[in-house]
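# A closer look at the structure
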Amino acid sequence: MLTRIDHIGIACHDLDATVEFYRSTYGFTDVHFEVNEEQGVREAMLKINETGDGAASYLQLIEPIRDDSPVAKWLAKNGEGVHHIAFGTDGDVQDEADGIAGKGVRVLYEAPRRGSMGSRINFLHPKDCHGVLTELVQKKS
Ligand code: CMX
Ligand code: CO
């Protein structure tokens, strides 16, 4: 089951400056930095709140580390802004993805890949989701 908004993904040109904006403007100070080579991003997960199921909600600020990464392509076309939303699952992320694929929505990866903080992730194609790139997240247990 999808139980929460796990995070909102926001694409930016300058990760450090964007983290500083969220820190100084809103006081979000719980920040985890990570590089995800496979996804082609350097990222900061800003914890926003704890949720009832023991997980948390985050803003994921993402800066491309390669010109050919999906986020670099998206930034060149759209500029900075909201790039994707991510729903958290309470069970196996691939079971969730398979169930959604059965409803005719394209799932981008055949098997889950590694996301932030040891999570398992997959994506749904934005063209099948009314224009929203949608990520599914199973947090590390
Ligand atoms: N949100 C909404 N629509 C999007 C989109 C996004 N983030 N990215 C692309 N699109 C739309 C484009 O606007 C385009 O629409 P039109 O045909 O109407 O112009 C269409 O989808 C195709 O876009 P594209 O620019 O040609 O890009 P690609 O098809 O090469 O790639 C996608 C699109 C979704 C397959 C690719 O971005 C992808 O694989 N994303 C998943 C991985 C990812 O985004 N990783 C970074 C985040 C990592 C993390 O969260 O941990
Ligand atoms: Co994400």
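For the protein, the name recorded in an unreviewed UniProt entry is Methylmalonyl-CoA epimerase, with Actinomadura miaoliensis as its organism. In its Sequence similarities (unreviewed entry) section, UniProt records this for the protein: "Belongs to the methylmalonyl-CoA epimerase family."

What follows concerns the overall build of the protein. Scanning the protein for helices and strands turns up three helices and eight strands. Listing each helix as α and each strand as β along the protein from the N terminus yields β-α-β-β-β-α-β-α-β-β-β. A compact globule built from 141 residues should have a C-alpha radius of gyration of about 14 Å, and the protein, at 15 Å, falls within 12% of that. Along the longest, intermediate and shortest principal axes, the C-alpha atoms of the protein span 40 × 35 × 25 Å. Long-range contacts, defined here as pairs at least 24 residues apart, represent 58% of the contacts in the protein between residues at least 6 apart.

The subject of this paragraph is the environment of I62. Positionally, I62 belongs in strand β4 (residues 56-64). Placed 37 residues apart in sequence, I62 and G99 show a C-alpha to C-alpha distance of 28 Å. When residues no more than four places from it in sequence are discounted, the contact partners of I62 are G9, I10, A11, V41, E43, V71 and H83.

This next bit is on the site of ligand 1. Ligand 1 sits among 22 residues. The nearest are Q39, P70, F123, P126 and L133. Those elements that place two or more of their residues in the shell around ligand 1 are β4, α2 (70-78) and β5 (81-89). Here the shell around ligand 1 takes five residues from α2, the largest share from any one element. A per-class count over the shell around ligand 1 returns nine nonpolar, nine polar and four charged.

Where the residue is not glycine, phi is negative for most of them; where a peptide bond is considered, it is trans in most cases. One non-glycine residue with positive phi stands out, namely M117, at about 55°. Take M117: it is sitting in the loop between β6 (113-114) and β7 (120-124). A positive phi is found at H130, a non-glycine position, where the angle reads about 50°. Taking the C-beta count within 10 Å as the criterion, H130 has 7 such neighbours and is therefore assigned exposed.

Attention now goes to the sheet that holds strand β1 (residues 2-11). Pairing in this open sheet of eight strands is mixed, and the strands run β2-β3-β4-β1-β5-β8-β7-β6 from one edge to the other. Pairing within the sheet leaves two strands with one partner each, and these edge strands are β2 (31-36) and β6. Relative to β5, β1 runs antiparallel, the two being bridged by eight bridges. Across the sheet, L2 pairs through a bridge with T89, a residue of β5. Of the strands in this sheet, β1, β3 (41-50), β4 and β5 touch α2, which is tilted by about 80° from β4. Packing against the sheet, helix α3 (residues 93-101) makes contact with β1, β5, β7 and β8 (134-138), and its axis sits at approximately 15° to β7.

Reading guide: rules and limits
- Residues numbered from 1 in each chain as written.
- Chains lettered and ligands numbered in written order.
- Predicted model: local features only at pLDDT ≥ 70, side-chain atom pairs only at ≥ 80, totals over all residues.
- UniProt positions renumbered as here; feature names shortened; annotations may be inferred.
- Helix = DSSP H or I, 4+ residues; strand = E, 2+ residues; numbered from the N terminus.
- Rg over C-alpha atoms; globule rule 2.2 N^0.38 Å.
- Contact = placed C-beta atoms within 7 Å.
- Near = placed C-beta within 6 Å.
- Nonpolar A, V, L, I, M, F, W, Y, C, P; charged D, E, K, R; others polar.
- Buried ≥ 20, exposed ≤ 12 C-beta atoms within 10 Å, placed from the backbone.
- Pairing = 2+ DSSP bridges.
- Axes fitted to C-alpha atoms, helices over the stretch in contact; angles between N-to-C directions.

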